[in-house]
Structure formats: structure tokens, C-alpha cells
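Below are the chains, spelled out letter by letter.
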Amino acid sequence: MSAQAQMRAMLDQLMGTSRDGDTTRQRIKFSDDRVCKSHLLNCCPHDILCGTRMDLGECLKVHDLALRADYEIASKKQDFFFELDAMDHLQSFISDCDRRTDIAKKRLADTQEEISAEVAAKAERVHELNEEIGKLLAKAEQLGAEGNVEESQTVMDEVEKTRIQKREAEEIYRNSMPASSFQQQKLRVCEVCSAYLGLHDNDRRLADHFGGKLHLGFIEIREKLDVLKRLVAEKKERRNQDRLKRREERDREERDKLKKRSRSRERRKRQSRSSSRDRKRKTRSRSRETHHRPKSHSGSRSRSRSHHRSRDRSRDRSSKAKSSRDKERSSKDRVSRDHSRDRERKHKRNNESTNGKPESRSSEELEAGEI
């Protein structure tokens, strides 16, 4: 990469896609499905293993340092939960690597002769010492490159001690089995990167393996996978807690609504009961007023009205009695007059029969006087 390209990549990584107003680069956002989420989190295996023996080539999704800068800026304000996509990506890659390791182990087990458990333990001890030497050499080289000469020399002293232990372990292992079997037991598989390691590899080759980009790249991928798993678990737990809180709040609101509804129902019931009681009281008071006629303005009116009605009734009865008495008197007078007339007529007839006309005149005069 040229110096100009490196400078451009640094500016993209620092400022993002909007640093120079390039509209063509702004057409795609970091949240687009075409963008590699593992690249945004700086853990894509295509980037980590680039240039190694297991170079995976170019990633099928978009890799852009400017989009990574945009994501880092936006993730400070909002959680996009891209860790789940990156975790799935790395998990599938590590699962493939572990599968290859198992296949390689099975192939070695098929091609090598079976040996006793004691001999296998001795061979395993040699392999462990080999790996320890390689790791110590890689550490010493790194410390020397950083300028820590004293620490690097201390590590080299540990390397020498481990080499002595390795030679002793090889001698014990070689004497415990025949030569043919010893030659067949010279390979093993690295648990980290699934590469083959020889039992008789020299220190330089072991240092190149354990300090190489391939082995360190697999270590980085596995470590980042563990970090992503922890982050995803924490975020899921946080989301579950938030969901539970929201559910509890909804349940509390529903309970409050139900309480309010029940209170309103009880209030309406109490109001209806009170209104019915009031109606009953009113009806009772009216019935008592009609029966007992309490002293009140309306009662006095009704009493006066009833008094007037009773007086009118008594007047009507008295007038009727008077009229009936008058009728009886008039009828009695009429009867008495009729009787007197009859007597007078009889007396007149008697007088006419005995005395003649003068008597009749006097009776007529009497009748006229009575009339």
C-alpha cells in the first residue's frame, strides 16, 4: 500500500465517510446488510488471517474503515447490537477450525500404531515441552523487539532449562518403544490453529509457529469470540431485565386501571344505592305527610283545602237536609190543607143540607180567608 493510500485510510478511520463530502461513499450506511459487522467490530477473520497460510481471501461483504468510524461514532449514542452478528460469524469460523482439528487427529490415530498409555503419556510430555519452548522463544523475541533486553534474557534462560527437560523426556520416550513406532509418533495437531507439529521439530521452527501470524491470529479470533459471547450475554440479560421492567410496568398500569374501574363501579353502585334510598325516603315522607299531615306550608294548604272541602260537604248536607225538611213541611201543610178542605167541604155539605144558602156563603168566605 502506498503512502497516499495509507494516509487516506487513516483519515477514513478517524473521520468517517463525511470527511470530504464524497456523496458516492455516503450511498451505503454502516447499518446496511451488505456491510460486514465483524469488520465494524475489528474482528473479521478475513482481515486477521490475511497474508497467512490460511488466507481466506477477500470478504464477500463490504469492508471500509470510514464505515467503521461512522459506527464507532454512532454506537456512543445508540446500541445497534452488531455483536450478535459478529459472534455468529466468528463462531462458525472457529467451529470449522475445530472440526478440521478433530479430522486431523483422527487421521493421525488411524495411521499411527497403538501404543500403551505409559508411552503415550511420555510422548505427550515431549510435545508439551516443545510447545513451551516455542512460546518462550516467541516471547523473548517480542521483548527484545520492544527493547526489554533484561526480561528477554531471563526468558532465554528459561528456554535453556526447558530444552534440557525436553532432551531428557525424548531419551525416556525413545527408550520406552521400538524405533519403528518412534518414527510414526512424530506428529501432533495444534489445538489452536489445527496445524501439524513434529515431535522432533527444532526450536526455531517451533518459535516460528507459536510466534507466527497464523497461530496468533487464531488466538486473537478465539479471544475476541469469548469477549463477544460475554458482551452478548450481558446485553441479553440487560434486555431481558428491561423487558421484565416494561412488563411489570404494563401489569402495574393494568392493575391500576382495573382498580380505577372497580372504584368507579363501586362509586356508581353507592350513588345508585343512595339515590334509591333517597327515593324511598321521599316516598315514605310523602306517605307520612298524607297520613299524619305534618305542620308545614304545603300541609296547611292541603289542610285548608280539606277543611274547605269538608265545610262545603257539610253545607251541602245541611242544605240537602233543609230542602228535605222543607219538602216534608210543605207536603205536611198540603196534606193538612187537604184535610181541612175536606172537613170544610163535608161541613158545608152538612150545612147546606140543613140550613140552605146563608151557610154556604159563610163557608166560602172561610175558604177564601184561609187561602
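Remember, it's a predicted structure, so these values are computed and weren't measured experimentally.

**Quick look at the overall build of the protein**
For the protein, the helix and strand inventory stands at 12 helices and 2 strands. Reading the protein from its N end, one meets helices and strands in the order α-α-α-α-α-α-α-α-β-β-α-α-α-α. Sequence separation of 24 or more characterises 70% of the internal contacts of the protein that already satisfy a separation of 6 or more. A total accessible area of about 26600 Å² is found for the protein, and carbon and sulfur atoms account for 48% of it.

**Considerations on the pattern of salt bridges**
Side chains that carry opposite charge are capable of pairing whenever their charged atoms lie near each other. As enumerated under the stated definition, the model contains 14 salt bridges in all. The residue Arg 222 makes a salt bridge to Asp 98 at a minimum N-O spacing of 2.9 Å. One end of the pair, Arg 222, is in helix α10 (residues 213-292); the other, Asp 98, is in helix α5 (residues 83-111), and 124 residues separate them in sequence. Taking the relative accessible area as the measure of exposure, Asp 98 reaches 29% and is therefore partly exposed. Taking the shortest distance from any N to any O, the salt bridge between Glu 170 and Lys 166 comes out at 3.9 Å. Of this pair, Glu 170 and Lys 166 both sit in helix α7 (residues 149-175), 4 residues apart, which is roughly one turn of that helix. Judged by its relative accessible area of 8%, Lys 166 is buried. Among the charged side chains, a salt-bridge network with shared partners connects Asp 79, Glu 83 and Lys 235.

**Points about the side chain of Ser 38**
Inspection of the secondary structure puts Ser 38 in helix α2 (residues 37-40). What Ser 38 contacts, discounting residues up to four positions off in sequence, is Cys 43, Cys 44, Ala 86 and His 89.

**Some words on a negative patch on the surface**
Judged by side-chain charge, Glu 248, Glu 249, Asp 251, Glu 253, Glu 254 and Asp 256 come together as a negatively charged surface patch. Relative to the elements of secondary structure, Asp 251 occurs in helix α10.

**A closer look at the packing of aromatic side chains**
For any pair of aromatic rings, the description rests on two quantities: the centre-to-centre distance and the angle between the ring planes. Summed over the entire model, instances satisfying the criterion amount to 7 aromatic pairs. Where Phe 30 meets Phe 80, the ring centres are 5.2 Å apart and the plane angle is 90°; that geometry is what we call edge-to-face. Linking Phe 30 in the loop between α1 (3-15) and α2 with Phe 80 in the loop between α4 (65-74) and α5, this pair joins segments that are 50 residues apart in sequence. Owing to a relative accessible area of 13%, Phe 30 belongs among the buried residues under this scheme. Pairwise contacts between aromatic rings join Phe 30, Tyr 71, Phe 80 and Phe 82 into one cluster. Above the face of the Phe 82 ring, Lys 37 is positioned so that its terminal group lies 5.2 Å from the ring centre. A cation over a ring is seen here: Arg 239 above Phe 81, with NZ or CZ 4.2 Å from the ring centre.

**Considerations on the side chain of Ser 152**
In this fold, Ser 152 is placed in helix α7. Residue Ser 152 is classed as buried on the basis of its relative accessible area, which comes to 12%. Those residues in contact with Ser 152 that lie beyond four places of it in its chain are Ala 140, Leu 143 and Gly 144.

**Remarks on the nonpolar core**
By size, the foremost hydrophobic cluster in this structure holds 23 residues, and its most contacted members are Leu 49, Phe 218 and Ile 221. Not counting the four nearest positions on each side in its chain, Ile 221 is found in contact with Pro 45, Ile 48, Leu 49, Leu 90, Phe 93 and Ile 94.

**Some details on the confidence of the model for the protein**
This prediction gives the protein a mean pLDDT of 78; 71% of its residues lie at or above 70. The secondary structure element of the protein with the lowest average pLDDT is helix α12 (residues 357-370), at 46, and the one with the highest is α2, at 94. For the stretch residues 295-300, pLDDT sits under 50, and the model shows 1 contact to residues farther than four places along the chain or on other chains.

**So, the environment of Leu 108**
With respect to the helices and strands, Leu 108 occurs in helix α5. Since its relative accessible area comes to 12%, Leu 108 is described here as buried. Separated by 81 residues in sequence, Leu 108 and Val 189 have C-alpha atoms that sit 8.8 Å apart. Residues within four places of Leu 108 in sequence aside, it is in contact with Leu 187, Arg 188, Val 189 and Tyr 196.

**Some remarks on α4**
Residues of α4 that are buried include every one of Ala 66, Leu 67, Arg 68, Ala 69, Asp 70 and Tyr 71, and no others. Where α4 begins, the capping side chain belongs to Asp 64, and its oxygen is found 3.1 Å from the backbone nitrogen of Ala 66.

**Considerations on the environment of Lys 224**
Inspection of the secondary structure puts Lys 224 in helix α10. Here the alpha-carbon distance between Lys 224 and Leu 41, two residues 183 residues apart in the chain, equals 9.7 Å. Aside from chain neighbours lying at most four places away, what touches Lys 224 is Asn 42, Cys 43 and Leu 90.

The rules behind the values
Residue indices begin from 1 for each chain and proceed along its sequence in written order. In keeping with the predicted nature of the model, local features appear solely for residues at pLDDT of at least 70, side-chain atom pairs appear and are counted solely at 80 or more, and the whole-chain, interface and lining totals rest on all residues. Here the side-chain values reflect all heavy atoms present in the structure, with hydrogen atoms and water set aside. In DSSP terms, a helix is any run of H or I states spanning at least four residues, a strand is any run of E spanning at least two, and both are numbered starting from the N terminus. Throughout, a contact is declared for two residues whenever any of their heavy atoms are within 4.5 Å. The accessible surface values rely on the Shrake-Rupley method and a 1.4 Å probe; as for residues, cover is taken only from the protein chains in view. The term salt bridge refers to a side-chain nitrogen of Lys or Arg lying within 4 Å of a carboxyl oxygen of Asp or Glu. Accessible area is worked out with a 1.4 Å probe on protein chains only. A residue is then buried under 20% of its type maximum, exposed over 50%, and partly exposed in between. Exposure above 30% relative accessible area and no salt bridge define the residues that can form patches, which grow by joining like charges within 9 Å and nonpolar side chains of Val, Leu, Ile, Met, Phe, Trp and Tyr within 5 Å. Think of it this way: Lys and Arg go in the positive column, Asp and Glu in the negative one, and His and the chain ends go nowhere. The atoms used to mark charge sites are NZ of Lys, CZ of Arg, CG of Asp and CD of Glu. Whether two aromatic rings pair depends on their centres lying within 6.5 Å, for rings of Phe, Tyr and Trp, where Trp uses its six-membered ring; planes under 30 degrees apart make the pair stacked, over 60 edge-to-face, and the rest tilted. A ring is scored as having a charge over it whenever the NZ atom of a lysine or the CZ atom of an arginine sits within 6 Å of its centre and within 35 degrees of its normal. To form a nonpolar core, buried Ala, Val, Leu, Ile, Met, Phe, Trp, Tyr and Cys residues must be joined to one another through side-chain atoms within 4.5 Å. Here pLDDT means the predictor's own confidence in every residue, given as a number from 0 to 100. What qualifies as a polar contact is a pair of N or O atoms within 3.5 Å, subject to a donor-acceptor requirement within protein and to the restriction that residues adjacent in sequence count only when both atoms come from side chains.

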